[in-house]
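# Coordinate analysis (summary)
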Amino acid sequence: MTAIQQKGQKVIALNGDEAVAYAVKQCDVDVVAAYPITPQTIIVEKFSEYVHDGEVDTEFICTESEHSALTCCLTAAAVGARTFTATASAGLALMHEILYVTSGCRAPVVMAVANRALSAPINIHCDHSDSMVERDSGWIQVYAENNQEVYDSIIQAFRIAEHAEVLLPILVGLDGFFLSHTLENVCVLPDEVVRNFVSQRQFPLVKNHEGKLVPFKLDPENPITIGPLDLQDYYFEHKRQQEEAMQRAPEIIKKIHEEYAEISGRRYGNGLVETYRLEDAELATICLGSTAGTVKTVVDELRAKGVRAGLLRIRAFRPLPVQDIIEALRNVKAIAVMDRSCSFGGYGGPVFHEIRHALYDSNPHTHTVNYIYGLGGRDMSQHMILKIYQDLEMIIKTGRTEHLVQFVGLRE
Amino acid sequence: MASEWKFTAKEIAERPDLFMSGHRACAGCAPATVHRLVLKATRGPTIATNATGCMEVTSTIYPFTAWKIPWIHTAFENAAANASGIEAALKILRKKGRLEYEHVDVIAFGGDGGTFDIGIQALSGAVERGHDFLYVLYDNEAYMNTGIQRSGGTPLGAWTTTSPAGRKIPGKPQLKKPIADIMVAHEMPYVATASPAFWIDLIKKVRRGLEVEGPAFLHVIAPCPRGWRSDPSKSIEISRIAVETCIFPLWEAIDGEYNLSAPSKLMALRPERKKTVKEYLKMQGRFRHLFKPEFEHLTGKIQETVDRRWQKLLKRCNMP
Amino acid sequence: MNTEKKKGWKEIPMAGVCWVPSTSYLTGDWKIYRPVWDSEKCTRCVLCHLYCPDGAITWKAKTNEMIFNYDYCKGCGICEAECPTNAISMKLEGEP
Ligand SMILES: Cc1ncc(C[n+]2csc(CCOP(=O)(O)OP(=O)(O)O)c2C)c(N)n1
Ligand code: SF4
Ligand code: SF4
Ligand code: SF4
Ligand SMILES: [Mg+2]
């Protein structure tokens, strides 16, 4: 028997969206509220089938907008429900206001984002500009490499978000079309194993206006007020609390990732970052999401030729696992950070900003350059990745960085 | 519909205030009275939510809260979505045996801005989906929280800071949106209008709105002395005259069937008691400019509009 | 008025959950005029209680009295205006 079968798992072919829906079906979710948008639509469609076939015990709210979808999840979570939503691109942008409200209200909503470009011009294909703009919204962000990880991450997400030490919403990114619409074999756990793993929501105690310590939820017996007007006196303190929860999150993400590995046999690095042939690497690329799969192939080719190439995949972009990043890149000489979104007028893409900043004190002599790629679903070929590693070799050889920020896969 | 709730004034007086004293609404704020009265009419465990606006702001200045019952605010345009999420959660948690209450009522409060304008999409969606909740529109006819700007609920000719009484354009050039009729067009089970002056009628309607299964909508006129430039002691009187002039008639539509409520029925049966709109307008500084000779024709236009809408309503109510 | 020392971020409930009832905030000092009640004229119709925006008037069943809570009354004058028997009169603060 294989390890998979031992754990009672089975392999089924799922596209990324179906993998999300399947995981949500198993997690005893109370309220799902969502609105269709390509490339996320399959999630709501699939979940609707589960609801209409009586396969889930979930209130499914087909809202009139993403703004309302997230609002519904937020207030349902405030009542004590486990909640889920999914969106992409314009839908996430429409939710923008409520993303901040959700984290500020400490509502542990789980959301899948099938990453897609933002208009204009309108484009339905993959890039990370939709979720990258939300990096400061107080949501945990996890990006998956393949459909297996999509499935696994959604299950872990409920545990992370609802953890009493965290209580923050979480976004699981899956690359639009590359994952959302691509069939892959996914190993799924038995329903009861997942159910046990996610268990039921627990509620920390808060002091209310009656001077009582009460569970943090809207309960008529133990009333609380959530979402007041909070001015100069205390707003800052509440934001500091949110940052504290973020700082506590990495340990909990790792712990839950490890617990999950025990029931599934699957690990993604330490849950925060995944290193690939990085131990003795001189050249490294850094990326998020499905691109990592292609990069790994290129790394193998280079290694076969004796080039010391490696990859660092950031799985949790928020909170940014700074120490893990520094540690993983300690001996690397040149780094290419790959950004699938553009920070117009900025100094490189958002991932670049953060990585270079993280390395500023620890690895000051490492060359760190940036490649903006794949906007609007533009393919990132092995050839282009190979070229990036060649650039890095040249940088090490000459000790000079010709261009700090470049566009790759773009016609002049 | 459930049996009619009978109550005396003293019974209502003995009920605790679930909207507590110490809130920071201006002196004479009728929306505050409306919130108090609505909560006095609740029948059991209740969760409330507000759209951003004066009542949300003045009732929850951190770390204080005027809400005895569980309450949440999230944003301006989504009070009905707040209610949708709350209701859905209650329903499923009850089904799964994780809620100890037989039933919990859900009330969403929104101002005119949060209802006629920015919140109409969420409201329409929530009603179409049929969530079981009561939406209370406290209508002070402008965006008061941000300093008196016009809304889709601001009446013709009214001064606001974005519809100033200019030399050329005297106040708001457009009519008030017939929001309650728009809600009736949703074929929802219960829609009604109310005025705090007619508090018995208001309380009964709140109770009916809660008892009905599915969404209920209550449109309450709520004078704001600060924004209406009116005497704070006159807030209740203005809300009475609004009914007596038929500017704000009281009615309910149960499953789409319109019926005049007693205070307005009186106006239908005894038209001679109907007051002219001028009596209403003159009590409020926001209409002062309409009494200048060059703009006097506008009061005639306002009267015409009120009469036209009143006739339309009488027809809907099968009144002669 | 709340004069206690402001708390740090580790001391306050999370998510902006309010920990003080509004009744701890006294709005009584907003008023210029104060309602004065005449028990003789009053019929205990309780309309003043119902209309007061601030819940500053309560009816005490035991003694059948209307109690005016000046800690919250903002002096708007609605109660005086609405009292059907003129049992309430607004007096300038500090004057009898
Ligand atoms: C999306 C958004 N736009 C604008 C505002 C600013 N804003 C807050 S309250 C308000 C007006 C509220 O008006 P209304 O709903 O009539 O309530 P009122 O204050 O009059 O009681 C506005 C414009 C906001 N909070 N959110
Ligand atoms: S501005 Fe108007 S609605 Fe707002 S608190 Fe003051 S009186 Fe009430
Ligand atoms: S309104 Fe006047 S008569 Fe009625 S209870 Fe109050 S004081 Fe007495
Ligand atoms: S003056 Fe206004 S606030 Fe004071 S008791 Fe009378 S109605 Fe209430
Ligand atoms: Mg308003």
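Residues numbered from 1 in each chain as written. Chains lettered and ligands numbered in written order. Predicted model: local features only at pLDDT ≥ 70, side-chain atom pairs only at ≥ 80, totals over all residues. Heavy atoms only, no water.

## Some details on the coordination of the magnesium ion (ligand 5)
Residues and elements named next belong to chain B. Surrounding the magnesium ion (ligand 5) are the protein donor atoms D112 (OD), N140 (OD1) and A142 (O), at 1.9 to 2.0 Å. Here the donor residues for the magnesium ion (ligand 5) map to a single chain with the spacing D-x27-N-x1-A. Here the residue D112 occupies a position in the loop between β4 (105-110) and α5 (113-117), and N140 occupies one in the loop between β5 (134-139) and α7 (179-184), the gap between them amounting to 28 residues. Per residue, the accessibility class of D112 equals that of N140, and both read buried. (Donors = N, O, S within 2.8 Å, 3.2 Å for Na, K, Ca; no water. Helix = DSSP H or I, 4+ residues; strand = E, 2+ residues; numbered from the N terminus. Buried < 20%, exposed > 50% of the residue type's maximum accessible area, 1.4 Å probe, protein only.)

## With respect to the domain arrangement of chain A
Residues and elements named next belong to chain A. Considered domain by domain, chain A is made up of domain 1 (3-203 + 245-264) and domain 2 (273-407). Between the C-alpha centres of domain 1 and domain 2 there is a distance of 27 Å. Of the residues lining the interface, 28 residues belong to domain 1; the matching set on domain 2 comes to 25 residues. Note on domain 1 versus domain 2: buried area summed over both sides is about 2100 Å², and carbon and sulfur give 54% of it. Taken together, the links from domain 1 to domain 2 amount to 5 salt bridges. (Domains from an automatic or database assignment. Contact = heavy atoms within 4.5 Å. Buried area = accessible area lost by both parts, 1.4 Å probe. Salt bridge = Lys/Arg side-chain N within 4 Å of Asp/Glu carboxyl O.)

## Regarding the interface of chain B and chain A
Facing 44 residues of chain B, the contacting portion of chain A comprises 43 residues. Between chain B and chain A, a total of about 3400 Å² is buried, with carbon and sulfur atoms accounting for 63% of that surface. One can count 7 salt bridges joining chain B with chain A. Close ionic contact of D28 of chain A with R98 of chain B constitutes a salt bridge, the shortest N to O distance being 2.8 Å. Of the residues forming the side of chain B that touches chain A, the biggest block, 12 residues, is contributed by helix α4 (residues 79-95) of chain B. Tallied by class, residues from the side of chain B that touches chain A come to 23 nonpolar, 12 polar and 9 charged. Of the pairings in the sheet, the one linking strand β11 (residues 225-226) of chain A to strand β3 (residues 71-73) of chain B comprises 2 bridges and is parallel in character. Counterpart to I226 of chain A in the pairing with β3 of chain B is I72 of chain B. (Nonpolar A, V, L, I, M, F, W, Y, C, P; charged D, E, K, R; others polar. Pairing = 2+ DSSP bridges.)

## Looking at the site of ligand 4
Taken together, the neighbourhood of ligand 4 is formed by P35, C52, I57, C73, K74, G75, C76, G77, I78, C79 and M90 of chain C. Tallied by class, residues from the shell around ligand 4 come to 8 nonpolar, 2 polar and 1 charged. (Near = heavy atom within 4 Å.)

## Remarks on helix α10 (residues 235-244) of chain B
Residue and element names in this part refer to chain B. Most of α10 sits inside the fold, with 8 of its 10 residues counted as buried. Taken as a whole, α10 has its buried residues at S235, I236, I238, S239, I241, A242, V243 and E244. Just beyond α10, the residue with positive phi is C246, at close to 65 degrees.

## Looking at the interface of chain B and chain C
Facing the 35 residues of chain B at the interface are 37 residues of chain C. Buried area between chain B and chain C, summed over both chains or domains, comes out near 3000 Å², and the portion from carbon and sulfur atoms is 62%. When the buried surface of chain B facing chain C is broken down by residue, S21, Y62 and F64 of chain B rank first, second and third, together holding 21% of it. Scanning the region where chain B abuts chain C turns up 1 salt bridge. A salt bridge links R240 of chain B to E82 of chain C; its shortest N-O distance comes to 2.6 Å. There are 24 residue pairs in polar contact (both at pLDDT 80 or more) connecting chain B and chain C. For the side of chain B that touches chain C, the elements supplying multiple residues, two or more each, are α1 (9-14), α2 (30-40), β2 (64-65) and α10 of chain B. Tallied by class, residues from the side of chain B that touches chain C come to 19 nonpolar, 8 polar and 8 charged. Here β2 of chain B runs beside strand β1 (residues 20-21) of chain C; their pairing, made up of 2 bridges, is parallel. Following the sheet pairing, F64 of chain B is matched in β1 of chain C by V20 of chain C. (Polar contact = N/O pair within 3.5 Å; in protein donor to acceptor, adjacent residues only side chain to side chain.)

## A closer look at the packing of aromatic side chains
Per the stated rule, a full pass over the model turns up 18 aromatic pairs over all chains. Arranged with centres 6.4 Å apart and planes meeting at 25 degrees, the rings of F68 of chain C and Y70 of chain C form a pair that is stacked. Through successive ring pairs, a cluster of aromatic residues spans F19, W67, W71 and F109 of chain B. The ring of Y25 of chain C carries R24 of chain B above its face, with NZ or CZ at 3.2 Å from the centroid. (Phe/Tyr/Trp six-rings, centres within 6.5 Å; stacked < 30°, edge-to-face > 60°. Lys NZ or Arg CZ within 6 Å of the ring centre and 35° of its normal.)

## Re helix α9 (residues 235-264) of chain A
Residue and element names in this part refer to chain A. Its 30 residues place the ends of α9 42 Å apart at the C-alpha level, agreeing with the 44 Å of an ideal helix rising 1.5 Å per residue. The largest bend in α9 is about 35 degrees, located at A249, with the proline P250 one to four residues further on. Taken from the residues just after α9, G265 is the one with a positive phi, measuring 80 degrees. (Expected span 1.5 Å × (residues − 1). Bend = angle between axes of the 7 residues up to and from the residue.)

## Focus: the sheet that holds strand β13 (residues 283-287) of chain A
All names here are of chain A. Here 6 strands make up an open sheet; going across it, the order is β12-β14-β13-β16-β17-β18 and the pairing mixed. Strands with a single pairing partner mark the edges of an open sheet, and in this sheet they are β12 (273-276) and β18 (405-408). Neighbour to neighbour, the strand axes of the sheet diverge by 25 degrees on average, direction disregarded. Sheet topology places strand β17 (residues 367-373) next to β18; 4 bridges connect them, and they run parallel. Considered in β18, the bridge of I372 is made with F407. Together, β12, β13, β14 (309-314), β16 (334-339) and β17 form the strand contacts of helix α10 (residues 291-304), whose direction differs from that of β14 by roughly 165 degrees. (Axes fitted to C-alpha atoms, helices over the stretch in contact; angles between N-to-C directions.)

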